[in-house]
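Spelled out from the first residue to the last, the chains are:
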Amino acid sequence: MQGFPRIAVGYHGCSRPLAARILSGRLSVNRWPESQNAYDWLGRGIYFWEHAPVRAWEWARQKHGREAAVVGAVIALGDCFDLTDTWFTTLLSEAHQELTESFRKRGKSLPRNGGKTPLEERRELDCLVVNYCIEDLARGRHLKYDTVRSPFWEGPRVFPGSMFHRESHIQIAVRNADCIKGVFRPNF
């Protein structure tokens, strides 16, 4: 479905030791650890905040405290499962319908999204559906996706009645590390 090459600059929040290994070349991009948690919003992949180094830094500080770091990357999105396009949201809806039926037949319930607080927000349903869609449904259609991209409205509203949220961002999950064309130390 790719019509033209798209390049994004992404920022990965991580620990200082991991950032040092990546930026020095001691850890090749192809060995960059991929997140595979059952609650990852966009399924498995290496997660980046698109054009948002400060948001990546905030997340890294929450997770790693004083050991927080950010690695910048130039990402060729390749064949991108882009959830800003209705083609892909339609595929995701179909995947959800198939999973719902499959779970119903086995007498099981689908996992749910949620958390006690926004910081604990878990996207187990989203993760399951995205992974299923890309790894099973798309495979059956002979489609392969290198990256997943989606906007997220997150955090408190910027002002009362606003539809803008303080921590909103576009997230990219890189499933094919060959899409990471280079890394750099952000200057902020």
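What comes next is a walk through the structure. (Residues numbered from 1 in each chain as written. Predicted model: local features only at pLDDT ≥ 70, side-chain atom pairs only at ≥ 80, totals over all residues. Heavy atoms only, no water.)

## Observations regarding the pattern of salt bridges
(1) Moving on: Summed over the entire model, instances satisfying the criterion amount to 14 salt bridges.
(2) Moving on: Of the charged contacts in the structure, one is a salt bridge between R149 and E50, with a shortest N-O distance of 2.8 Å. Here E50 lies in strand β2 (residues 46-50) and R149 lies in strand β7 (residues 147-152), a separation of 99 residues in the sequence. The pair R149 / E50 is uniform in exposure class, with both members buried.
(3) Moving on: Here E58 ties to R166 by a salt bridge, and the two come within 3.2 Å at their closest N and O atoms. Of this pair, E58 sits in helix α2 (residues 53-64) while R166 sits in the loop between β7 and β8 (169-174), and the two are 108 residues apart along the sequence. (Salt bridge = Lys/Arg side-chain N within 4 Å of Asp/Glu carboxyl O. Helix = DSSP H or I, 4+ residues; strand = E, 2+ residues; numbered from the N terminus. Buried < 20%, exposed > 50% of the residue type's maximum accessible area, 1.4 Å probe, protein only.)

## Considerations on the packing of aromatic side chains
(1) Moving on: Scanning the model with the defined rule gives seven aromatic pairs in all.
(2) Moving on: For the ring pair W32 and F48, a centre distance of 5.5 Å and an interplane angle of 70° mean the geometry is edge-to-face. On the criterion of sequence distance, the pair formed by W32 in the loop between α1 (16-24) and β2 and F48 in strand β2 is long-range, its members being 16 residues apart. Assigned by exposure class, W32 and F48 land together as buried.
(3) Moving on: Every member of this aromatic cluster is reached through a ring pair, and the members are F81, F88 and Y145. (Phe/Tyr/Trp six-rings, centres within 6.5 Å; stacked < 30°, edge-to-face > 60°.)

## Observations regarding the layout of surface pockets
In this approach a probe as big as a water molecule rolls over the atoms, and the regions it shows empty are the leftover space.
(1) Moving on: By volume, the largest pocket is sized at about 910 Å³.
(2) Moving on: Taken together, 31 residues make up the lining of the largest pocket; nearest its centre are Y39, D40, W49, W59 and K63.
(3) Moving on: Every element with two or more residues in the lining of the largest pocket is listed here: β1 (7-15), β2, α2 and β8.
(4) Moving on: Per-element accounting of the lining of the largest pocket gives the leading share, five residues, to α2.
(5) Moving on: Looking at side-chain class alone, the lining of the largest pocket contains 12 nonpolar, 11 polar and eight charged residues. (1 Å grid on protein atoms, 1.4 Å probe; cavity = no way out; pocket = protein on both sides within 12 Å on 5 of 7 lines; lining within 4 Å. Points joined across faces, edges and corners; volume = space filled by probe spheres on them. Nonpolar A, V, L, I, M, F, W, Y, C, P; charged D, E, K, R; others polar.)

Everything listed here is a matter of geometry and, on its own, says nothing about what the molecule does.
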